[in-house]
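Commentary on secondary and tertiary structure
Residues per chain are reported as follows:
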Amino acid sequence: MTTYFHHLSRCCAAVLLFTVQANAQQINIPIETNHNALVLQADAKMNLHSIYFGKKLANASDYEQVGGVYKQGDDYTGMQDAAYSASGSRNLFEPAISVTHADGNNSLDLRYVKHEVSKVDDNVSLLKVTLKDPVYAIEVTLFYKSFYKEDVMEQWCSIRHTEKGNVTLHKFASANLFIKGGSFWLNQYHGDWAKEMQPEESRLTHGIKTLDTKLGTRANLFQPSVFMVSMDRPATENEGTVLYGALEYSGNFRTDLELDHQDNLRITSGINNYASTYTLKSGELFTTPAFLYTLSSNGKGVASRNLHNWARNYKLLDGKGNRLTLLNNWEATYFDFDENKLSALLKDTKKLGVDMFLLDDGWFANKYPRNGDVAGLGDWEENKKKLPNGIAALVKEASSNGVKFGIWIEPEMVNPKSELYEKHPEWVVREPKREEHYFRNQLVLDLANPAVQDFVYGVVDDLFTKNPALAYIKWDCNAVIYNAHSAYLKNQSHFYIDYMRGLYKVLERIRAKYPKVPMMLCSGGGGRVDYGALQYFTEFWPSDNTDPLERIFLQWEYSYFYPAISSSNHVTDWGKQPIKFRTDVAMMGKLGFDIVVSHLAEKDLKFCQDAIQVYNGLKTIVWQGDQYRLSNPRSSDVASMLYMNAEKSSGVIFNYLVNNRYGTGSKLPIRMNGLDAGKKYRITEINLYPGTSSTIDGNKTYSGDFLMQVGFNPDVNSGRASVLLKIEEVK
Ligand code: GLA
């Protein structure tokens, strides 16, 4: 029997169910999106293969011929292309799943039983494929959620058994992809505090390359799960085949990229099984997080725009909504503030013209006041000395100044010097018999424990209950997990997984009660940026590094995976660039300030005030427009990024000098992208510093064709290191 399903036609929610007799021939299951297809095939023995992953073919029946044109020799297993590789039977490659059965046996053999396709809406379909072991009572369901227009796929699985006793899960990946032979280039990221998202590209060699983290919390500090794989040659912005992948998970992840002896690539991604052997009870359902991927045959730009659209439409909290510009006091005051100082800052917030004041760290704890990062974390009562009238008075004062009020918390963590630690040492992640080891003088609370979940939820709920007008939360997470041990859990191997389950439970509860309050995901900078968390957060903090030059590079790399609306960018005193440069860079995402407004020179203040008005006029395009990376700062002296509205009638181009050498500048025109070749455009310079004038002739018109073929020169040079251009259709 051969069955096909295509992306289901528009209309009602439909469910198609396919079950098969044991002696059936073979079953093809193509999952098609706008440009791509992933084709699964159950063979006569019901082994499920992944026979094709790539650009969609015109005739669905052609997928069956794919295998025939490869002459790679024997793989010795007949299952190198398994849709979900199980270990212990014939498999010889890195498995997606590995178990020990209740009777101690280590083999697993997963065979196709049935599949079912349901339509979530016009654009989204969900395929469920049920696999069972013919010998043991264990079942794995593979889920493929496809987003047609965006060419995006989310893939995860659930594992259940009814054996007499427990099954031990040694490995439990969300997915494994199988990509037929060729050559592959991996673009991966590494980092540290203030050095997030450092890219590295290399050709994959035979064997396994692992991207992973074992940090527990602040999990991305050294390595995030996002990556790209280019096929046949390194992809560029507009050319080449490239896959983007990421695990939607905030804890330990592991992605193995295995190039086999026949040059095929297997990408296996999921929760890291490091120190996490999971004991699965009979009847218990283990569900993995989703592995997210998108494939582009036209370079990185398309892939990133697809991911942005997907994120704004389906994942990022309030992805199509509004965001608040803000003034933050972290770098302006650090821990040193009181009511009077804040009162002045609230007035400055209004004067500057942003929507909100964000009170950062240092507002809480009394027995061990939070006057530095060594004490007080965990004691979430207002510090009476600094804030005798509490947060409530500040929220009120903000409102009488005509601005909103937001607040910083770090509810998952505790300083040993705190009342919380004294009262609840059993809530702290620590090895009772070993010396404590601190990250930023703090420890992590045990979110595997429901009492701790209640506490963490309570921190947020209390703030909102007492201050219903509170408009924003910055949720920080500054420490990694050392000495991973839970006083609550019986099985320590469940700790890392149960911690994340606990965190997500808390975030679920918060969102059930406060569905849309904006929350920033922060982790000592960008230590926790992932789509598992971003379904609860409206934005993230990319890095504590706000040096604008560094920021161009950082924001550039984040922009491949995350839409600009989710990137909180603040103007600070980091870096040597003038205020215009710093502000322009911060305007490329969600704009904020963290400066002492009263220290600004008159002209600088005027510039900032005007820039906020300019930003308010542009923000819809920055947040919701299509992003085109025009000139890469890693390969050019000028960085250039365009945001264009869907109608291709209005856009904004950010241009920066990123090299200081004598005489550098935009010597060559920069080719645009994403315009309508047939339209005429006018380009004018905006956001000028008071008293300066533009060198751009805003009266000229250019065809879209010209701008995309020949380009435009923003006239960037050492005297004009930051140039903002507005591009408008002329009718
Ligand atoms: C982290 C954050 C900063 C700031 C401090 C406060 O480092 O990334 O933005 O909030 O904590 O302690």
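Provided above is the structure to which this section pertains.
To start, this report covers the structure provided alongside it.

Here is what the cut-offs are and how they apply
- Residues numbered from 1 in each chain as written.
- Predicted model: local features only at pLDDT ≥ 70, side-chain atom pairs only at ≥ 80, totals over all residues.
- Heavy atoms only, no water.
- Helix = DSSP H or I, 4+ residues; strand = E, 2+ residues; numbered from the N terminus.
- Buried < 20%, exposed > 50% of the residue type's maximum accessible area, 1.4 Å probe, protein only.
- Contact = heavy atoms within 4.5 Å.
- Areas by Shrake-Rupley, 256 points an atom, 1.4 Å probe, with all protein chains shown as cover.
- Lys, Arg positive; Asp, Glu negative; His and termini not counted.
- Charge placed at Lys NZ, Arg CZ, Asp CG, Glu CD.
- Near = heavy atom within 4 Å.
- Polar contact = N/O pair within 3.5 Å; in protein donor to acceptor, adjacent residues only side chain to side chain.
- Nonpolar A, V, L, I, M, F, W, Y, C, P; charged D, E, K, R; others polar.
- Axes fitted to C-alpha atoms, helices over the stretch in contact; angles between N-to-C directions.
- Parallel < 35°, antiparallel > 145°, perpendicular 65-115°, else oblique.
- Left-handed = near helix turned anticlockwise from the far one by under 90°.

Glancing now at the overall build of the protein chain. Scanning the protein chain from N- to C-terminus turns up 12 helices and 37 strands. Seen along its three principal axes, the alpha-carbon backbone of the protein chain occupies a region of about 80 × 70 × 50 Å. Split into buried and exposed, the 731 residues of the protein chain put 63% on the buried side. Within the protein chain, contacts between residues at least 6 apart in sequence are counted, and of these 69% link residues at least 24 apart. For the protein chain, the exposed area adds up to about 27,500 Å²; of that, 50% sits on carbon and sulfur atoms. Of note, the protein chain has its 80 positive side-chain charges centred 2 Å away from the centre of its 84 negative side-chain charges.

We now examine the site of the ligand. Residues in close proximity to the ligand total 13 residues, the closest being Asp360, Asp361, Lys474, Asp476 and Asp544. Residue arginine 440 places a side-chain N or O atom 2.9 Å away from an oxygen atom belonging to the ligand. When the free accessible area of the ligand is taken as 310 Å², the share hidden by the protein chains comes to 96%. Classifying every residue of the shell around the ligand by side-chain character gives 4 nonpolar, 3 polar and 6 charged.

Running from N to C, helix H6 (residues 450-466) and helix H7 (residues 495-513) cross one another at 25°; their axes reach a closest spacing of 9 Å. For the element pair H6 / H7, the angle class is roughly parallel. Relative to H7, the crossing made by H6 is right-handed. Here H6 contributes Gln453, Asp454, Val456, Tyr457, Val460, Asp461 and Thr465 to the contact with H7, which in turn contributes Gly502, Lys505, Val506, Arg509, Ile510 and Lys513. A class-by-class count of the residues in the contact of H6 with H7 yields 5 nonpolar, 3 polar and 5 charged.

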